[in-house]
Amino acid sequence: MATITVSQNKWKQALGRLRIPPVYIFLVITFAVGGLLDQIFADGQIFTNPSIFMNMIVRSVALGIVAVGQTLVIIGASIDLSVAYTISITAVMSSFIMQGDPNNVPQAILIVFAIGAVIGLVNGLLITKLNVNAFIATLGTSLILKGIINGTFSNYTGSIPRSFEAFGYNQIGPIPISILVLLLVVFAGWFLLNRTKFGSHLYGVGGNNEVARLSGLRTDRVLIMAHIICSLTAVLTGLFIVSRLRSGAPWVGPDGIYDLESIATTVVGGTALSGGKGGVWGTLAGVLIFGVLDTVFNQLGVNPYLKTVLRGGIIVLAVASYTYRSKREAA
Amino acid sequence: MTQETLARTTQTPSALQPILEVRHITKRFPGVLALDDVSVEFLPGQVHAVVGENGAGKSTLMKIMAGAYVPDSGEILLQGERVTFSHPQEALQKGISIIYQEFNLLPERTVAQNIFLGREPSRFGVIDIGKMNENARVLLKEIGVEQFISPTAVVSSLSVAEQQLVEIAKAISFNAKVLIMDEPTAALTSTEVQLLHDLIQRLTSRGLAVIFISHRLVEVFDIAHVITVLKDGKFVKTVNTQDVTTADVVYLMVGRTLDHYFPPLGSPEDFGEVVLRVKNASNHILKNINFTLRKGEVVGIAGLQGSGRTELAQALFGVVPFKTGEIELRGKPIDIRNPSQAIKNGLGFVTEDRKSEGLLPKQPIRDNMLLTVRAIQNIFGVINKNGIRKAPNLVPNLGKQVDVKTDSFDREVQFLSGGNQQKVVLSRWLASDAEVFIFDEPTRGIDVEAKASIHDMIRDLTRQGKAVLMISSELPEVIGMSDRILVMYEGQIAGELPAKSSENEIMLMATGNKPGDVAAAGKE
């Protein structure tokens with residue numbers, strides 16, 4: 001009995017040293033099972049066609065970028081429900097300002113990032129200074145944004161110049177730019193969380209706000225910063241989406257369910273909703289699981305409603321397996 | 001040891017200039033005068049214990065000195081200079097560190113990350129992790145614990161005692177001149193307490209002033225040079241430890257001597273038929289548990305931490321049930337798979353951890369009292385504010401019975417003292433007509449006076465024909481209360497001892513000695 005526990009601990013320690021979040025096991029299983037089903041019931045392209053494989057990741061880019069931001073605020077024991085409409089406003093505003101002219105691109109990018117920063121700042125201030133619960137505060141800003149853009153724009157507005165489509169479609173060598181951007185964002189998120197004071201403080205604020213305060217942290221500033229960064233990742237996602245669609249429409253954010261799915265992938269990736277624990281690599285795995293599922297369902301021609309049901313079931317199962325495991329560890 | 005004695009005799013209060021001094025401190029909270037004109041001096045190189053009952057104002061005084069509260073009037077002098085703190089950070093920077101009763105570490109972060117939270121060595125916001133870990137290692141070495149604790153260990157993987165050492169390392173890292181500890185040993189085992197005492201000794205020998213609050217007077221007499229007694233927010237007296245006895249200090253604390261610390265034990269005619277019989281019961285922790293419990297009896301359960309005491313209570317109550325074996329209640333075999341079945345069979349469980357398992361802290365007293373009875377008797381019923389249909393005035397009656405000190409039953413339980421909270425928990429089981437009461441550490445973190453009243457209440461239960469199983473890690477409590485003592489060791493009942501057995505006999509059995517050896521030791 002005792003020896004078993006020791007060897008288990010050794011395994012755990014080894015895994016801990018490699019710092020591979022356990023969700024990657026799910027990812028591998030999902031990919032293997034999905035690919036196998038594809039082999040048996042469809043044309044088997046998941047394993048054999050590299051472009052399908054790449055496409056699977058490209059599908060994950062939009063969600064992946066914003067999920068990194070969401071991971072940050074959730075580690076800070078906060079949440080951001082306004083990302084979907086931040087994405088929409090970015091998509092609409094950028095294509096509206098660009099109007100197909102490459103010369104307008106820099107100012108368009110500047111303006112949408114500024115808008116994003118303001119949204120994040122407002123979210124952060126509402127939560128820290130007015131002590132509004134994060135769920136309600138960001139739901140509020142989300143509704144305000146929704147009203148504004150639905151009242152101003154009704155359909156596809158403006159367009160982007162050819163050159164800007166590069167973000168969505170071009171490749172460097174065999175790898176799409178968008179995947180590189182996603183990896184860059186994930187890496188930046190990892191660096192922020194694990195190598196900077198900001199990250200260390202964010203874990204503190206999310207883990208136990210009182211401990212952080214008594215350690216002399218300006219907890220408000222840390223959380224406001226996290227919200228600004230989160231909104232900026234939403235802006236980047238918005239820019240990616242508009243570069244794919246070539247024009248922005250007000251429904252792109254909510255249609256992609258980026259608010260709830262960014263939260264779901266973060267949690268599936270092992271970040272605790274209560275804050276203070278988790279990381280962006282886990283989130284990336286969560287996002288890729290969603291991407292794999294999408295591709296597999298498409299390959300198999302699964303009914304879209306059934307698809308949603310299956311996704312829901314898989315989210316719940318994944319998270320339940322964590323709590324089950326941590327309960328067993330406790331016992 | 002000789003050094004310690006020397007230190008005590010040489011460092012008389014008049015010999016040194018105080019490092020920290022509070023003068024005429026008054027602090028009022030809504031409805032309570034928490035501190036009333038309190039003045040105390042603290043000297044460098046001394047361990048200064050602050051004692052008093054719950055509500056005496058100890059914690060408030062500590063928090064004022066640490067900058068967590070601002071006093072209404074009075075002044076704080078640090079090395080003779082007047083200081084004011086509006087934030088704990090300011091006190092920290094001036095060299096006053098505090099370790100609160102609740103742990104103040106981030107469980108998911110490493111030791112080094114915790115120690116240097118907010119002060120990470122960095123360049124352009126990027127942390128120098130190597131340097132941070134190295135600094136932590138140096139710090140841990142400085143307090144002589146580097147062999148137990150690695151800077152890169154995640155705090156949740158450390159024991160409670162190790163976590164406490166990390167807190168001390170963190171506190172020291174602010175170049176503390178004064179270290180305040182609020183009940184530092186409440187959760188520690190005796191060897192761990194010794195480790196902490198050694199550490200405190202080393203710190204004071206470097207000229208640090210250590211101020212600590214403790215309910216364990218034995219410990220206070222072990223390590224404190226000076227004792228200050230507070231009562232009802234007022235300063236009573238500061239005494240040199242060597243000049244007084246425990247009884248003197250208790251007298252100062254409660255204003256009377258506690259001659260009647262434990263109620264008299266039951267006599268054989270009080271004991272009725274067997275209510276609870278456990279036969280060959282086991283689960284993954286407990287092995288082959290056999291015992292009986294009679295009406296009118298208090299059976300104490302002793303044993304070291306991890307011997308399975310709490311697990312036994314949890315098994316009986318269906319929290320983590322037995323897997324094999326039989327439980328008989330009043331001669332009838334019963335099956336307890338979950339707490340709901342246990343309650344319906346007349347069991348009551350007063351848990352070890354009041355805050356997280358025993359109470360709904362933000363709910364009013366009345367709802368806490370009625371929680372169980374509503375759950376079992378009033379499933380569809382309309383909720384009656386004061387009781388249930390069959391007993392409409394249950395709340396005031398219970399309040400009277402257990403003597404909860406409050407102005408209103410609408411008050412949230414979290415605002416009651418530990419002793420009063422425990423009374424509320426107890427009243428819940430009285431309301432549900434429990435026959436067998438299981439107490440797990442009934443008086444942990446409760447002051448002397450409330451302890452005595454809890455003990456009286458437990459004895460009252462047995463006089464009403466209830467049966468009590470009482471788990472306690474405080475041996476005087478086990479000995480003072482129990483009509484029989486079961487000693488646990490490694491998940492088994494190692495043996496049974498009669499009432500009034502000695503601490504020595506219990507400890508021998510609890511550390512794995514055979515009952516025969518224990519009997520021999522008892523005769524010596």
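Residues numbered from 1 in each chain as written. Chains lettered and ligands numbered in written order. Predicted model: local features only at pLDDT ≥ 70, side-chain atom pairs only at ≥ 80, totals over all residues.

Observations regarding the overall build of chain B
Defined as follows: Strands are runs of DSSP state E lasting at least 2 residues, helices are runs of H or I lasting at least 4, and numbering of each runs from the N terminus. With C-alpha atoms as the basis for the radius of gyration, the globule rule is written as 2.2 Å multiplied by the number of residues raised to the power 0.38. With C-beta atoms placed from the backbone, a residue counts as buried when 20 or more other C-beta atoms lie within 10 Å of its own, as exposed when 12 or fewer do, and as partly exposed for counts between those limits. We call two residues in contact when the distance between their C-beta atoms, placed using the backbone, is within 7 Å.
A tally of helices and strands in chain B yields 19 helices and 22 strands. Over its C-alpha atoms chain B spans a radius of gyration of 25 Å, differing by no more than 12% from the 24 Å that the globule rule assigns to 524 residues. Referenced to the eigenvectors of the C-alpha coordinate spread, the extents of chain B come out at roughly 70 × 55 × 50 Å. Every one of the 524 residues in chain B was classed for burial, and the buried ones make up 45%. Intrachain contacts of chain B at a sequence separation of at least 6 include 67% that bridge at least 24 residues.

Let's talk about helix H7 (residues 190–205) of chain B
All names here are of chain B. Which entries qualify depends on this criterion: For a helix, the expected span equals 1.5 Å multiplied by the number of residues minus one.
With 16 residues, H7 should reach 22 Å at 1.5 Å per residue; the first-to-last C-alpha distance of 23 Å fits that figure. Buried-residue contacts for H7 involve strand S3 (47–51), helix H6 (160–172), strand S9 (178–182), strand S10 (209–213) and helix H8 (217–223). Looking at the residues trailing H7, positive phi occurs at Gly207, about 95°.

Observations regarding the environment of Ala494(B)
Residues and elements named next belong to chain B. As for its placement among the helices and strands, Ala494 is situated in strand S22 (residues 492–498). Between the alpha carbons of Ala494 and Ser408 there is a distance of 46 Å; along the sequence they are 86 residues apart. If we skip the residues at most four places from it in the chain, Ala494 touches Val487, Met488, Tyr489, Met509 and Ala510.

Considerations on unusual backbone geometry
Of note in the backbone geometry, Arg246(A) takes a positive phi value of approximately 75° without being a glycine. Residue placement: Arg246(A) occurs in the loop between helix H12 (219–245) and helix H13 (252–255). The phi dihedral of Glu441(B) falls on the positive side, at around 50°, and the residue is not glycine. With respect to the helices and strands, the residue Glu441(B) is situated in the loop between strand S19 (436–440) and helix H16 (448–463).

A word on the sheet that holds S3(B)
Residues and elements named next belong to chain B. Applicable threshold: Pairing between strands requires that DSSP locate at least two bridges from one strand to the other. Helix axes are fitted only over the stretch in contact, all axes being lines through C-alpha atoms; the angle between N-to-C directions runs from 0 to 180 degrees.
An order of S6-S9-S10-S3-S11-S12 is seen for the six strands of this open sheet, with the pairing classed as mixed. Among the strands making up the open sheet, the edge pair consists of strand S6 (96–99) and strand S12 (234–240). Each strand axis lies, on average, 20° off the axis of its neighbour in the sheet, ignoring direction. Relative to S9, S6 is paired through four bridges, and the arrangement is parallel. Following the sheet pairing, Ile96 is matched in S9 by Val178.

Brief notes about the interface of chain A and chain B
We count it as follows: Lys, Arg, Asp and Glu make up the charged group, whereas Ala, Val, Leu, Ile, Met, Phe, Trp, Tyr, Cys and Pro make up the nonpolar group; the residues left over, Gly among them, are polar.
With 18 residues of chain A at the contact, the number on the chain B side is 16 residues. Among the secondary structure elements, those contributing two or more residues to the side of chain A that touches chain B are helix H10 (197–207) and helix H11 (209–214) of chain A. Examining the composition of the side of chain A that touches chain B, we find that seven residues originate from one element, H10(A), more than from any other. Across the side of chain A that touches chain B, the residue classes tally to six nonpolar, nine polar and three charged.

Topic: the nonpolar core
How we decide: Here, a nonpolar core means buried Ala, Val, Leu, Ile, Met, Phe, Trp, Tyr and Cys residues linked by C-beta atoms lying within 7 Å of one another. Where a domain begins and ends is set by an automatic assignment or by a domain database.
Counting 169 residues, the largest nonpolar core has Met65(B), Ile96(B), Val178(B), Ile180(B) and Val210(B) as its most contacted members. Per element, the largest residue contribution to this core is 16 residues, and it comes from H12(A). Formed jointly, this core draws a minimum of three residues from each of two domains, domain 1 (2–95 + 176–254) and domain 2 (108–174) of chain B. Beyond its immediate chain neighbours, meaning those up to four positions away, Met65(B) contacts Leu20(B), Val22(B), Ile76(B), Ile96(B) and Ile180(B). Formed by 71 residues, the second largest nonpolar core is a distinct cluster that contains Ile365(B), Val395(B), Met481(B) and Ile493(B).

A look at the environment of Gln93(B)
Tracing the chain through its elements places Gln93(B) in helix H3 (residues 88–93). The class for Gln93(B) is partly exposed, based on 14 C-beta atoms found within 10 Å.

A closer look at H12(A)
Residues and elements named next belong to chain A. For H12, spanning 27 residues, the distance from its first C-alpha to its last is 39 Å, which sits close to the expected 39 Å at 1.5 Å a residue. Of all 27 residues making up H12, 23 are buried, and the element is well covered by its neighbours. Directly beyond the C-terminal end of H12, a positive phi value near 75° is found at Arg246.

Quick word on the pairing of S22(B)
Residues and elements named next belong to chain B. When strand S21 (residues 484–489) meets S22, the two strands line up antiparallel, connected through six bridges. Paired with Arg484 across the strands is Pro498, a residue of S22. Between S21 and S22, which pair antiparallel one after the other, the connecting turn spans two residues, and Glu490 there sits at a positive phi close to 50°.

Overview of the sheet that holds S19(B)
Residue and element names in this part refer to chain B. Taken in spatial order, the six strands make up an open sheet running S18-S19-S20-S15-S21-S22, and their pairing is mixed. The open sheet has two edge strands, strand S18 (347–350) and S22, and neither has a second partner. On average, each strand axis in the sheet is tilted by 20° relative to the strand beside it, whichever way the strands run. Pairing of S19 with strand S20 (residues 467–471) involves five bridges; the strand directions are parallel. By the bridge assignment for S20, Phe437 is matched with Val468. Together, strand S15 (298–303), S19 and S20 form the strand contacts of H16, whose direction differs from that of S20 by roughly 150°.

Concerning the pairing of S15(B)
All names here are of chain B. Summarising burial for S15: six of the six residues are buried, a large majority. Along S15, one buried face is formed by Val298, Gly300 and Ala302 and the opposite face, lined by Val299, Ile301 and Gly303, is buried too. In this structure, S15 lies alongside S20, joined through four bridges in parallel fashion. Of the residues in S20, the one forming a bridge with Gly300 is Met470. Where S15 meets S21, five bridges bridge the pair, whose relative direction is parallel.

Notes on the packing of helix H4 (residues 50–75) of chain A against helix H15 (residues 280–300) of chain A
Residues and elements named next belong to chain A. In plain terms, the rule: Working definition: roughly parallel below 35 degrees, roughly antiparallel above 145 degrees, roughly perpendicular at 65 to 115 degrees, and oblique for all remaining angles. Should the near helix be turned anticlockwise from the far one by less than a right angle, the crossing is termed left-handed; should it be turned clockwise, right-handed.
In the contact formed by H4 and H15, the axes pass within 8 Å of each other and the chain directions differ by 140°. In this view, H4 runs oblique relative to H15, as classed from their interaxial angle. H4 and H15 meet at a crossing whose hand is right-handed. Contacts between H4 and H15 involve Ile52, Met56, Ile57, Arg59, Ser60, Leu63, Gly64, Ala67, Val68 and Thr71 from the first element and Val280, Thr283, Leu284, Val287, Leu288, Phe290, Gly291, Val292, Asp294 and Thr295 from the second. Each residue belonging to the contact of H4 with H15 can be placed in one class, and the counts come to 12 nonpolar, six polar and two charged.

So, the packing of H4(A) against helix H9 (residues 177–195) of chain A
Residues and elements named next belong to chain A. Viewed as axis vectors pointing N to C, H4 and H9 meet at an angle of 20°, and their least axial separation amounts to 9 Å. Our classification of the angle between H4 and H9 gives roughly parallel. Here H4 and H9 pass one another in a crossing that is left-handed. Residues Ile57, Val58, Val61, Gly64, Ile65, Val68, Thr71 and Leu72 of H4 touch H9, and the partners they reach there are Ser178, Ile179, Leu182, Val185, Val186 and Gly189. Of the residues that constitute the contact of H4 with H9, the class distribution is 10 nonpolar, four polar and no charged.

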